[in-house]
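Tertiary structure, described
Residues per chain are reported as follows:
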Amino acid sequence: MTPALPRDLSCPRIATRKNGGLELSRIVAGMWRMADWDMTVEQRIAFIEQCIALGVTSFDHADIYGNYGVEGLFGEALRASPSLRDRMQLISKCGIKLLSNKRPQHTIQHYDTSAAHIIASAEESLRQLHTDRLDLLLIHRPDPLMDFDEIADAFSRLKQDGKVLHFGVSNFSRHQFEALNRRIELSTNQVEFSPLHVAPMFDETFDGLQDKGVAPMIWSPLAGGRLFTSNDANAENLRLVIKDIADRLHQPFASVVFAWIMQLPSRPIPLTGSGRIEAISVAVAGTTFQLSRADWFTILRAARGHEVA
Amino acid sequence: MTPALPRDLSCPRIATRKNGGLELSRIVAGMWRMADWDMTVEQRIAFIEQCIALGVTSFDHADIYGNYGVEGLFGEALRASPSLRDRMQLISKCGIKLLSNKRPQHTIQHYDTSAAHIIASAEESLRQLHTDRLDLLLIHRPDPLMDFDEIADAFSRLKQDGKVLHFGVSNFSRHQFEALNRRIELSTNQVEFSPLHVAPMFDETFDGLQDKGVAPMIWSPLAGGRLFTSNDANAENLRLVIKDIADRLHQPFASVVFAWIMQLPSRPIPLTGSGRIEAISVAVAGTTFQLSRADWFTILRAARGHEVA
Amino acid sequence: MTPALPRDLSCPRIATRKNGGLELSRIVAGMWRMADWDMTVEQRIAFIEQCIALGVTSFDHADIYGNYGVEGLFGEALRASPSLRDRMQLISKCGIKLLSNKRPQHTIQHYDTSAAHIIASAEESLRQLHTDRLDLLLIHRPDPLMDFDEIADAFSRLKQDGKVLHFGVSNFSRHQFEALNRRIELSTNQVEFSPLHVAPMFDETFDGLQDKGVAPMIWSPLAGGRLFTSNDANAENLRLVIKDIADRLHQPFASVVFAWIMQLPSRPIPLTGSGRIEAISVAVAGTTFQLSRADWFTILRAARGHEVA
């Protein structure tokens, strides 16, 4: 019953800053759950090749994903197939210290945005990913102890050493983004957004990024699957509304969600979370059409449970 | 029992931007409900003449008022009495698409801030109002899909063509106002405010406008009549407090409310909502006196139900 | 059981603006409750001498403290021992009008940030404190009627006349601080903060001040004693957590709280509230050590009742 995807599907590219700088694929492949996919090295290489063939050339990591394990799994693929590296953009994050058997010295889950930790974490990401550079490094969470000057200084040193080419943040409020962006050019703010989590559209996050010409990256664009499974009355109604529009447009359900997100003027760059190339293709299909304003607001109304004023 | 108004009542004028630009009357006549006033063309002309004689020369419209009908009613008066136009300032708004028998193509109430819609809506306002220019055009509501650059571009084209002289917004938060104001000079942000709705005084709205030297316009300064009628205990107490002050000052109740609002350092410009010239005179009378700080805070305390800290 | 303090305890100094300007002691002696201390003039002089000997040279006042009485008590000491003045920094505040037998003309508690009141209040503070200058004058609370230009103008005149050397605000939100700071250089924003009141760390207050390089002053760093006495389950757990860390570090409980606060990158300057030199010494001891990030976040987790994300 799911509509067939176009055969020649090809993900476009996007400059994260309107006036140049880092270019990513319009859909970014999130590696968050890679440790759960139970892939052999060969399967990982094949999956990465399929993503790249689809135009999805940007891969999103964090030091902590998969209990500090995902970067290493991905790096094994890059080591086994070195030509992949120059055909992709690698994104990672730092700044959270997890309780983990891999980090026995951590006695409590906390943040560390000291220059020493940022640089050590980025260097460890390079080792794990088996590469000499990250295309983009993000501070994972705003840290009450973060010193804007110190972070900017750490970023500058990583850039000078050629270890990281671009910088950004994740889960920052607008004013935190701007305080750091005044000290060093930031390429994105990666935040949670979906029809079930619309806050960044109404607080200052998206408006602030649009104002600066900086594209947000979006994690959990499908609300971690809750869009498909939640029994909440509001979510169930939202599901019916999206399904109606998808059926009328002959598009897959998730493609409509990705299109709805990407239609925002801040130019959001959604992440996928799946290890199935079909799921990633459905996201890419969301780049091939636009919703009418009436359809777009029909989804917003269902998402919020009320009309606009 | 209502105190007599001064015979020589004359509404002063105000520059919406401290350093020049658009000049409005200190009290603006809101036409929102004109369709309910059941006036003949002659009565409309007479009412407009009375307003102007009182110094209330600015008239507030929106494309959607009266089910897309008010501008046309007002325009009939301007057509029948063409000399009125040059003695007044015309304000209108765009950006909301209502469900309406006049707009059968609208399938859901939504916003449209595309350049095409802004320009088409402004041009339709000119036709309806039977004029060649608007003095001020506002975006009616902040739109999640608004592209600041595109709106600024549409405004610039309308200005270049002489169709609209000044621009602004309505119901925008401070950061949205500033994002657009960075792209094109805005003359106002028209927001809801009254002793029963004091939010703009405590969020960043009024402080932000004062900071930029831009005067807000105020809709529903009398809380849509609830100041007179609400049975809510807080509103009833507020009514008694305002009445005591009004009696002591020998001023009409509503004049005290208008004076209380206009005393704010952001220089708010209140709208009236009535078709009775007496009601508009009472608003104008609020420009003739100031409250003591003690009286001003007595009303604030009653409005909030607690003392300042 | 309380650990002994170092014998050579000496409070360091801090520039409230990163690039110079006003210098205060890292711990400021709050005089808020001085009227309750029942000290003779000789005792007041002795207490002030002890503070200065400890390096605590900055004394925080407000016109209204002790029912408009504290400045006068402190001024008696300065008159009796004139050499004290040049060895200290005097801070005061204005802008609140209290109901008081000392101010029979006040009919309601309210704010007054008119230039006339600011200047008159500062001049009265000089008379009461028996001095010719204040080192720092703060607007006590944000006033809905405050006119940023008028306040800046009043400050400029006080500075020109040599009556006040530096200016700041208290209890201002970030955007209010910045609006006034754009008109005249502000040296601080004195706000409430403690492990039981962490709001300024998560709203824009501290981030905004860090961004500008301006140090906040902190009132009620021990939550007005509730850190020691509250029976609230969350506060009781927080107390245990702080006590564990204090015991392990061989530091007094309150020293750990002061250290926890001062570790923030905005460089907060805490006030004391006690008339006992021992209590002030414990605050100063908080300048002699740093918490590990793990300990710092352990206190934050207990303060909020949940882990960081």
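Residue indices begin from 1 for each chain and proceed along its sequence in written order. A letter from A marks each chain and a number from 1 marks each ligand, given out in the order of writing. Residue-level local features of this predicted model are given only where pLDDT is at least 70; pairs of side-chain atoms are given and counted only at 80 or more, and the full residue set underlies all totals for whole chains, interfaces and linings. Each side-chain value is derived from all of the structure's non-hydrogen atoms; neither hydrogens nor water enter the calculation.

The name given to chain A in an unreviewed UniProt entry is Aldo/keto reductase, and the organism recorded there is Telluria mixta.

Turning our eyes to something else, we now look at the overall build of chain A. For chain A, the helix and strand inventory stands at 13 helices and 12 strands. For 309 residues, the compact-globule estimate of 2.2 N^0.38 gives 19 Å, and the C-alpha radius of gyration of chain A, at 19 Å, lies within 12% of that figure. Viewed in the frame of its principal axes, chain A has a C-alpha envelope of about 55 × 45 × 40 Å. Using a 1.4 Å probe on the protein chains alone, a residue whose accessible area is under 20% of its type maximum counts as buried, one over 50% counts as exposed, and one in between counts as partly exposed. Out of the 309 residues belonging to chain A, those deemed buried represent 63%. We treat Lys and Arg as the positive residues and Asp and Glu as the negative residues; His and chain ends play no part in the count. One atom stands in for each charge, and that atom is NZ of Lys, CZ of Arg, CG of Asp or CD of Glu. Between the averaged position of the 33 positive side-chain charges in chain A and that of its 36 negative side-chain charges there is a distance of 2 Å. Only DSSP runs of H or I reaching four residues or more are called helices, and only runs of E reaching two or more are called strands; each is numbered from the N terminus. The size measure is the radius of gyration over C-alpha atoms, and the globule rule it meets is 2.2 Å times the number of residues to the 0.38 power.

This next bit is on the UniProt feature "domain: NADP-dependent oxidoreductase" (unreviewed entry) in chain A. The sites that UniProt annotates as "domain: NADP-dependent oxidoreductase" (unreviewed entry) are residues 26-298 of chain A. Secondary structure within residues 26-298 of chain A divides into 45% helix and 15% strand; the distance between the first and last C-alpha atoms comes to 24 Å. UniProt positions are given in the numbering used here, feature names are shortened, and annotations may be inferred rather than shown by experiment.

Let's shift gears to the interface of chain C and chain B. It is common to give the size of an interface as the accessible area that goes away when the parts come together. Listed per partner, the contact involves 22 residues of chain C and 22 residues of chain B. Buried surface at the junction of chain C and chain B, both sides included, amounts to about 2000 Å², of which 54% is carbon and sulfur. Each of two parts loses accessible area, computed with a 1.4 Å probe, when they are put together; buried area is these two losses added. By the criterion of area lost to chain B, the three top residues of chain C are C:Pro144, C:Leu145 and C:His175, representing 35% of everything that side buries. A pair is scored as a salt bridge if a Lys or Arg side-chain nitrogen falls within 4 Å of a carboxyl oxygen belonging to Asp or Glu. Counting across the chain C and chain B interface gives five salt bridges. With its nearest N and O atoms 3.4 Å apart, the salt bridge here joins B:Lys18 to C:Asp149. When contributions to the side of chain C that touches chain B are tallied by element, the ones reaching two or more residues are strand E7 (110-111), helix H5 (148-160) and helix H6 (174-181) of chain C. Here, residues are in contact when the closest pair of their heavy atoms is within 4.5 Å.

Moving on, we come to the interface of chain B and chain A. Listed per partner, the contact involves 22 residues of chain B and 22 residues of chain A. Buried area between chain B and chain A, summed over both chains or domains, comes out near 2000 Å², and the portion from carbon and sulfur atoms is 54%. Between chain B and chain A we count five salt bridges in total. Under this definition, polar contacts are N or O atom pairs within 3.5 Å; protein pairs additionally need one hydrogen-donor-capable and one acceptor-capable atom, and for neighbouring residues in sequence, both atoms have to be side-chain atoms. The interface formed by chain B and chain A contains 11 residue pairs in polar contact (both at pLDDT 80 or more). Taken together, the elements giving at least two residues each to the side of chain B that touches chain A come down to strand E7 (110-111), helix H5 (148-160) and helix H6 (174-181) of chain B. With three residues, H6(B) is the single largest residue contributor to the side of chain B that touches chain A. For the side of chain B that touches chain A, the class distribution of residues is eight nonpolar, seven polar and seven charged. Residue polarity follows a fixed list, in which Ala, Val, Leu, Ile, Met, Phe, Trp, Tyr, Cys and Pro are nonpolar, Asp, Glu, Lys and Arg are charged, and the others, Gly among them, are polar.

All names here are of chain B. Only strands joined by at least two bridges in the DSSP assignment are considered to pair. Read around the closed barrel, eight strands run E3-E4-E5-E8-E9-E10-E11-E12, paired in parallel fashion. On average, each strand axis in the sheet is tilted by 30° relative to the strand beside it, whichever way the strands run. Bridge count between strand E3 (residues 28-30) and strand E4 (residues 58-60): two bridges; the pairing is parallel. What sits directly across from alanine 29, in E4, is phenylalanine 59. To get an axis, fit a line to the C-alpha atoms, keeping to the stretch in contact for a helix; angles then go from 0 to 180 degrees between the N-to-C directions. Each of strand E8 (134-139) and strand E9 (164-170) is contacted by H5, which is oriented at about 150° to E9, the strand it contacts most.

Okay, the sheet that holds strand E11 (residues 217-219) of chain A next. All names here are of chain A. Pairing in this closed barrel of eight strands is parallel, and the strands run E3-E4-E5-E8-E9-E10-E11-E12 around the ring. Strand-to-strand twist in this sheet, taken as the mean axis angle between neighbours without regard to direction, amounts to 30°. Contacts from helix H5 (residues 148-160) reach strand E8 (134-139) and strand E9 (164-170) within the one sheet, and its direction differs from that of E9 by about 150°.

Alignment of the copies relies on least squares applied to C-alpha atoms, considering only residues that score at least 70 for pLDDT in both. Least-squares fitting of chain B to chain A yields an RMSD of 0.0 Å, with the transformation described by 0.0 Å of translation along the axis and a rotation of 120°. As the rotation angle and translation indicate, the two copies are arranged about a three-fold axis. In terms of proximity to the rotation axis, the leading residue of chain B is B:His175, whose C-alpha is 6.2 Å off the axis.

A word on the side chain of C:Arg239. Residues and elements named next belong to chain C. Inspection of the secondary structure assignment puts arginine 239 in helix H10 (residues 233-249). Of the buried charged residues, arginine 239 lacks a salt bridge, with glutamate 236 as the closest side chain of opposite charge at 4.5 Å. In this structure the side chain of arginine 239 is engaged in a polar contact, spanning 2.9 Å, whose partner is the backbone oxygen of leucine 227. For arginine 239, the side chain forms a polar contact with the main-chain oxygen of phenylalanine 228, separated by 3.4 Å. Here arginine 239 is in contact with Arg226, Leu227, Phe228, Thr229, Ser230 and Phe253, once residues within four sequence places are set aside.

Within helix H11 (residues 253-262) of chain B, 10 of the 10 residues are buried, which leaves the element mostly enclosed by the surrounding structure. Three or more residues of H11(B) are buried, namely B:Phe253, B:Ala254, B:Ser255, B:Val256, B:Val257, B:Phe258, B:Ala259, B:Trp260, B:Ile261 and B:Met262.

Only Phe, Tyr and Trp rings are paired, with Trp represented by its six-membered ring, and only when their centres lie within 6.5 Å; those with planes under 30 degrees apart are stacked, over 60 edge-to-face, the remainder tilted. Under the defined criterion, the tally for this structure stands at 27 aromatic pairs over all chains. With a centroid separation of 5.8 Å and 75° between ring planes, the pair formed by A:Tyr111 and C:Phe297 is classed as edge-to-face. Within this pair, whereas A:Tyr111 is found in strand E7 (residues 110-111), its partner C:Phe297 is found in helix H13 (residues 293-304), the two belonging to separate chains. In this structure, A:Tyr111 and C:Phe297 share a single accessibility class: buried. Here the aromatic rings of B:Phe193 and B:Phe206 are separated by 4.9 Å at their centres, their planes lie at 70°, and the arrangement is edge-to-face. Linking B:Phe193 in the loop between strand E10 (189-192) and helix H7 (199-202) with B:Phe206 in helix H8 (residues 205-212), this pair joins segments that are 13 residues apart in sequence. Like B:Phe206, B:Phe193 is buried. The rule is short: NZ of Lys or CZ of Arg within 6 Å of the ring centre and within 35 degrees of the ring normal puts a charge over the ring. The ring centre of A:Tyr68 lies 4.0 Å from the NZ or CZ of A:Arg103, which sits over that ring.

All right, on to the environment of B:Ala285 then. Residues and elements named next belong to chain B. Looking at the element boundaries, alanine 285 is found in helix H12 (residues 277-285). Separated by 272 residues in sequence, alanine 285 and arginine 13 have C-alpha atoms that sit 14 Å apart. Residues in contact with alanine 285, not counting those within four places in the same chain, are Leu5, Leu9 and Ser255.

Moving on, we get to the environment of A:Ala29. Mapping A:Ala29 onto the fold places it in strand E3 (residues 28-30). Beyond its immediate chain neighbours, meaning those up to four positions away, A:Ala29 contacts A:Cys51, A:Val56, A:Ser58, A:Phe59, A:Asp60 and A:Thr272.

Attention now goes to the pattern of salt bridges. Tallied over the entire structure, the rule returns 75 salt bridges over all chains. Two residues, A:Arg183 and A:Asp149, come together in a salt bridge whose shortest N-O distance is 2.6 Å. Of this pair, A:Arg183 sits in the loop between helix H6 (174-181) and strand E10 (189-192) while A:Asp149 sits in helix H5, and the two are 34 residues apart along the sequence. Using a relative accessible area of 37% as the deciding quantity, one classes A:Asp149 as partly exposed. One salt bridge in this structure joins B:Glu307 and B:Arg301, with 3.5 Å as the shortest N-O distance. Residue B:Arg301 is classed as partly exposed on the basis of its relative accessible area of 31%. Residues joined in a network through salt bridges with shared partners are A:Lys18, A:Arg174, A:Glu178, A:Glu204, A:Asp211, B:Asp149, B:Arg182 and B:Arg183.

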